Amino acid sequence: MRHIISILIENESGALSRVAGLFSARGYNIESLTVAPTEDSSLSRMTLVTRGSDDIIEQITKQLNKLIDVVKLIDLAESDHIERELMMVKIKTSEHTREEIRGIAAIFRGKIIDVTPTTYVVEMTGPSSKLDAFIAAIDGDTIIEVVRSGPTGISRGEKGLHL
Amino acid sequence: MELNGAQIVIQSLKDEGVEYIFGYPGGAVLHLYDALFQQDDVKHILVRHEQGATHAADGYARATGKPGVVLVTSGPGATNAVTGIATAYMDSIPMVVISGQVPLPVIGSDAFQEVDMVGITRPCVKHNFLVKDVTKLAETIKKAFYVATTGRPGPVVVDVPKDITDPRIKVPYKYPKKVSIRSYNPAVSGHKGQIKKAVDLLLTAQKPIIYSGGGVILGEADKELTEFAHTLGFPVTNTLMGLGAYPATDKQFVGMLGMHGTYEANMAMHDSDVIIAIGARFDDRVTGKLDQFCPHAQIIHIDVDPASISKTVKVAIPIVGEVKPVLEQMMEMIKESKKKPSKKALESWWNQIDQWRAVKCMEYDRNSRLIKPQYVIEQLYEVTKGEAYIASDVGQHQMWAAQYYPFDKPRHWINSGGLGTMGFGLPAAIGVKLAFPDAEVACVTGDGSIQMCIQELSTALQYNAPVKIINLNNSYLGMVRQWQEFSYESRYSHSYMDTIPDFVKLAEAYGHVGMRVDKPEEVRPALEEAFALKDRTVFLDILTDRTENVYPMIEAGKAHNDMTLRVANGTSTDRELA
């Protein structure tokens, strides 16, 4: 099953490689990984998407917790949560496809953020499945480039991952 | 007090109570060695290869319980230390390794003797640090000792760039008494509810067994374990790493378990209904085939490392905590409980175990005209009255030492269990001897292993660390040869050593005593002579039966109740190879 693990980690050089190294050394798979600073400059937040049986996910969270630099983590999949991913898609356009692309983008609440005579760049956020659906709706031959941030997430309600 | 970085490192070690550093100098640590020269409190042991430094520090740590300390230079000094660091990591041995590094401004420029030590050691340390600010040096060293010695112990590397130890830059020094790390809070006592559940299960068990490992020794809980086992009357088996955690000559001890464990230990595990695993980690050499591991048992597991619990074998009652306080908590509940272990059930369980014992799985041919390695270990046990520290290398001799030298006390069996590092024995023995100069220390080794760190014979001489080397010489990489015999139709691919040095002359060249033994009747007198030479390192080159194998054995992919036993009366192995 797919899990989103949200990690608060010391903002130290090498912290990222400890996490990445753990996954490769123990043969766990990483679907995506995002890292960014938090409101506390000593901490980074890492959002990691992985897949595995319950046993493997249990080992992953235990092994992550064992890393000295990991301060706290939660498996978002364990409770109600919101997931978002940012995507930018560069699409080849011609006179008779431009309106159709604008229409599809509008349906998916995408924004066109760059326009040239022959291309559009569409920006979109949402759960990964929505972004997949948009890609599927566009003629594959017209896609020049897809850039995705990888999902990040937050739990619903009052609980949160903080110190 | 104002000190420069080099002085801070040495002063911090002093303040930490460090007695010995095992190391080797080089460019990046010259400032440190200069500071070391100008004091007498911390003694430096100059090894002959950095691998030897880590193993000697490791042996010191295993025997004393105190962290081993290593000092190596950057680049090759650092990479040579890696095998020893990984060895300590796999067996959870507390160790602090200080490695030199090129100066901060040139890191990343492929400078002379530069290697990314933090990167290279990341997967085989508990934690590591690169010191970037001399004012944080003392605190970093304190943190290194704190992390190395608490929770599940392990090696910690502190990588110190040369400019950090610059003698011209002085900063105020204060060694912190305590440090805390917000992201590191190892559990101590276990969850009361879980412990209660475990006690209830134990007291209703019909065929229980205590499976205890190296964690009992690391957690200084051997007395608690013994009391616990005696109170309940349950059989006890130890892992290779746990030997000595429970007295091997006690009648409740059924021997080591696992691949080369006893028949009775493995059969009892397989048939048990309740297993309590204490400071053991269900290593593959212990479990054999996982899906047939202890099919009838409910398992209780006490471990300080939550990641060790349910890693390979799912357990019913996990207890995260240090072994000693958890066992104390359990004992209290057992004493308070109205329930008592069923006498009747235990009696029939012990009857069953005695039947397995009657198989006498450890018998070997005692009438052979060749020297049987098992016989050498038995004689070693008698000559040392079972009180010696036995450091071992890796291979057949290691298994024979584990099987035929019953350890009654913890920290006396010093071997590389997890990583299985050949070359470990001799430097480890030197580390033990330095810690306990009055104790008998032997290194049980083989003709393959001993050559991997033989240069440390020179260290033993320089620092007057007289150890007795028991070389079970069969001119084979015996364990490899055994597997090739069992699984590769005796195609002995590169497991044969046809140009073995003259170990007697070699020992003498290093300034020690060398003796060769090639007849069974000479074994005992030679051992007595060797141990009588109190202040000399003696190399006993013992030419053993070349074809002897380690039995019993659970072959790869088999279950505990599917052991290969020695062929009746042992004559099958009593032959010489052409």
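Refer to the structure printed above.
Residues numbered from 1 in each chain as written. Chains lettered and ligands numbered in written order. Predicted model: local features only at pLDDT ≥ 70, side-chain atom pairs only at ≥ 80, totals over all residues. Heavy atoms only, no water.

A. The arrangement of the overall build of chain B in detail. Along the backbone of chain B there are 20 helices and 20 strands. Across its three principal axes, chain B shows a C-alpha extent of roughly 75 × 65 × 40 Å. In chain B, which comprises 578 residues, the proportion classed as buried is 61%. Taking as baseline every contact in chain B between residues at least 6 positions apart, the subset at least 24 positions apart corresponds to 77%. One way to put it: in chain B the 59 positive side-chain charges average out to a point 6 Å from where the 67 negative ones average out. (Helix = DSSP H or I, 4+ residues; strand = E, 2+ residues; numbered from the N terminus. Buried < 20%, exposed > 50% of the residue type's maximum accessible area, 1.4 Å probe, protein only. Contact = heavy atoms within 4.5 Å. Lys, Arg positive; Asp, Glu negative; His and termini not counted. Charge placed at Lys NZ, Arg CZ, Asp CG, Glu CD.)

B. A nonpolar patch on the surface, seen in detail. A cluster of nonpolar side chains, namely A:Leu86, A:Met88, A:Ile113 and A:Val147, defines an oily patch on the protein surface of about 290 Å² accessible area. Secondary-structure assignment places A:Val147 in strand β8 (residues 143-148). (Patch = residues over 30% accessible without salt bridge, like charges linked within 9 Å, V, L, I, M, F, W, Y side chains within 5 Å. Areas by Shrake-Rupley, 256 points an atom, 1.4 Å probe, with all protein chains shown as cover. Salt bridge = Lys/Arg side-chain N within 4 Å of Asp/Glu carboxyl O.)

C. The packing of helix α3 (residues 50-64) of chain B against helix α16 (residues 425-435) of chain B, seen in detail. Residues and elements named next belong to chain B. Two elements in contact, α3 and α16, have axes separated by 7 Å at closest approach and are oriented at 50°. As far as their axial angle goes, α16 and α3 are oblique. The interaxial crossing formed by α3 with α16 has right-handed handedness. Here α3 contributes Gly52, His55, Ala56, Gly59, Tyr60, Ala63 and Thr64 to the contact with α16, which in turn contributes Pro427, Ala428, Gly431, Val432 and Ala435. Class assignment for the residues of the contact of α3 with α16 results in 7 nonpolar, 5 polar and no charged. (Axes fitted to C-alpha atoms, helices over the stretch in contact; angles between N-to-C directions. Parallel < 35°, antiparallel > 145°, perpendicular 65-115°, else oblique. Left-handed = near helix turned anticlockwise from the far one by under 90°. Nonpolar A, V, L, I, M, F, W, Y, C, P; charged D, E, K, R; others polar.)

D. Region of interest: helix α15 (residues 396-404) of chain B. Counting buried residues along α15(B), 9 of its 9 residues qualify, which places the element largely inside the surrounding structure. Taken together, the buried positions of α15(B) are occupied by B:Gln396, B:His397, B:Gln398, B:Met399, B:Trp400, B:Ala401, B:Ala402, B:Gln403 and B:Tyr404.

E. Inspection of the side chain of B:His412 at higher detail. All names here are of chain B. Positionally, histidine 412 belongs in the loop between α15 and β16 (413-414). Of note is the side chain of histidine 412, whose polar atom sits 2.9 Å from the backbone oxygen of proline 410. Setting aside its immediate chain neighbours within four residues, histidine 412 contacts Glu387, Ala388, Tyr389, Ile390 and Phe407. (Polar contact = N/O pair within 3.5 Å; in protein donor to acceptor, adjacent residues only side chain to side chain.)

F. Structural context of the pairing of strand β7 (residues 155-161) of chain B. All names here are of chain B. Burial runs high along β7: 7 of the 7 residues are buried. Of the strand pairs in this sheet, strand β5 (residues 95-101) and β7 are connected by 7 bridges, and their pairing is parallel. Residue pairing in the sheet places valine 97 in a bridge with valine 157 of β7. With 4 bridges joining them, strand β6 (residues 127-130) and β7 adopt parallel strand pairing. Across the sheet, the residue bridging to histidine 127 is valine 156, located in β7. Regarding the hand of the β-α-β motif, the stretch spanning β6, helix α6 (residues 137-149) and β7 is right-handed. (Pairing = 2+ DSSP bridges. Right-handed = clockwise from strand over helix to strand, strands pointing away.)

G. A look at the pattern of salt bridges. Residue and element names in this part refer to chain A. In total, this model carries 42 salt bridges over all chains according to the counting rule given. The closest approach of N and O atoms between arginine 2 and glutamate 31, which form a salt bridge, is 4.0 Å. Remark: glutamate 31 occurs in the loop between α1 (15-25) and β2 (32-37) and arginine 2 occurs in strand β1 (residues 2-10); sequence separation between them is 29 residues. Exposure remark for arginine 2: the relative accessible area of 26% places this residue in the partly exposed category.

H. Quick peek at the interface of chain A and chain B. Across the boundary between the two partners, chain A contributes 20 residues, which contact 19 residues of chain B. Between chain A and chain B, the buried area comes to about 1,600 Å², and carbon and sulfur atoms account for 46% of it. Between chain A and chain B we count 4 salt bridges in total. Residue B:Lys314 pairs with A:Glu58 through a salt bridge whose shortest N-O separation is 3.4 Å. At the boundary of chain A with chain B, the tally comes to 12 residue pairs in polar contact (both at pLDDT 80 or more). Only α1, α2 (54-66) and β4 (70-75) of chain A provide two or more residues apiece to the side of chain A that touches chain B. With 6 residues, α2(A) is the largest single contributor of residues to the side of chain A that touches chain B. For the side of chain A that touches chain B, the residue count by class is 5 nonpolar, 6 polar and 9 charged. (Buried area = accessible area lost by both parts, 1.4 Å probe.)

I. A look at the nonpolar core. Residues and elements named next belong to chain B. Residues Phe228, Ile278, Met330, Ile470 and Leu540 are the most contacted members of the largest nonpolar core, which totals 100 residues. Element by element, the count of residues in this core is highest for helix α12 (residues 323-336), at 7 residues. In this structure isoleucine 470 touches Val376, Leu380, Ala442, Cys443, Val444, Thr445, Leu527, Leu540 and Ile542, once residues within four positions along its chain are discounted. Of all hydrophobic cores here, the second largest spans 50 residues; its members include Ala57, Ala61, Ala439 and Phe539. (Core = buried A, V, L, I, M, F, W, Y, C linked by side-chain atoms within 4.5 Å.)

J. Structural detail: the sheet that holds β1(A). All names here are of chain A. Taken in spatial order, the 4 strands make up an open sheet running β2-β3-β1-β4, and their pairing is antiparallel. Both edges of this open sheet fall to β2 and β4, since each of them pairs with a single strand only. Here the strands of the sheet are splayed against their neighbours by 15° on average, with no regard to which way each runs. Two strands pair when backbone bridges link them, and β2 and strand β3 (residues 43-51) are joined in this way by 6 bridges, in the antiparallel orientation.

K. Quick peek at the pairing of strand β15 (residues 389-392) of chain B. Residue and element names in this part refer to chain B. Residues Tyr389 and Ala391 line one face of β15 and the alternating positions Ile390 and Ser392 line the opposite face, and both faces are buried. With 4 bridges connecting them, β15 and strand β17 (residues 441-446) associate as parallel partners. Looking at β17, one finds that serine 392 is bridged to valine 444. Direction of pairing for β15 relative to β16: parallel, over a ladder of 2 bridges.

L. Seen up close, the sheet that holds β15(B). All names here are of chain B. The strand order across the open sheet built from 6 strands is β16-β15-β17-β18-β20-β19, with neighbouring strands paired in parallel fashion. Each of the sheet's edge strands pairs with one partner strand only, and the pair in question is β16 and β19 (513-517). Sitting on the sheet, α15 is in contact with β15, β16, β17 and β18 (468-473), with an inclination near 135° to β17.

M. Spotlight on the packing of helix α9 (residues 222-232) of chain B against α12(B). Residues and elements named next belong to chain B. Contact geometry of α9 with α12 gives a least axis separation of 10 Å together with a crossing angle of 25°. One finds that α9 runs roughly parallel with respect to α12. Viewed along their axes, α9 and α12 form a crossing whose handedness is left-handed. Together, Glu224, Leu225, Glu227, Phe228, Thr231 and Leu232 of α9 and Lys324, Leu327, Glu328, Met330, Met331, Ile334 and Lys335 of α12 make up the contact between the two elements. Taken together, the residues of the contact of α9 with α12 break down into 7 nonpolar, 1 polar and 5 charged.

N. Quick peek at the environment of B:Met422. Residues and elements named next belong to chain B. Note that methionine 422 resides in the loop between β16 and α16. Under the relative-accessibility criterion, methionine 422 is labelled partly exposed at 27%. A C-alpha to C-alpha distance of 29 Å links methionine 422 and tyrosine 146, two positions 276 residues apart in sequence.

O. Examining unusual backbone geometry more closely. All names here are of chain B. Backbone torsion omega between tyrosine 551 and proline 552 reads -10°, so that peptide bond is classified as cis. Phi at lysine 385 takes a positive value of approximately 55°, unusual for a residue other than glycine. With respect to the helices and strands, lysine 385 occurs in the loop between α14 (373-383) and β15. The residue arginine 411 is not glycine, and still its phi comes out positive at about 65°. Topologically, arginine 411 is positioned in the loop between α15 and β16. Exposure remark for arginine 411: the relative accessible area of 11% places this residue in the buried category.

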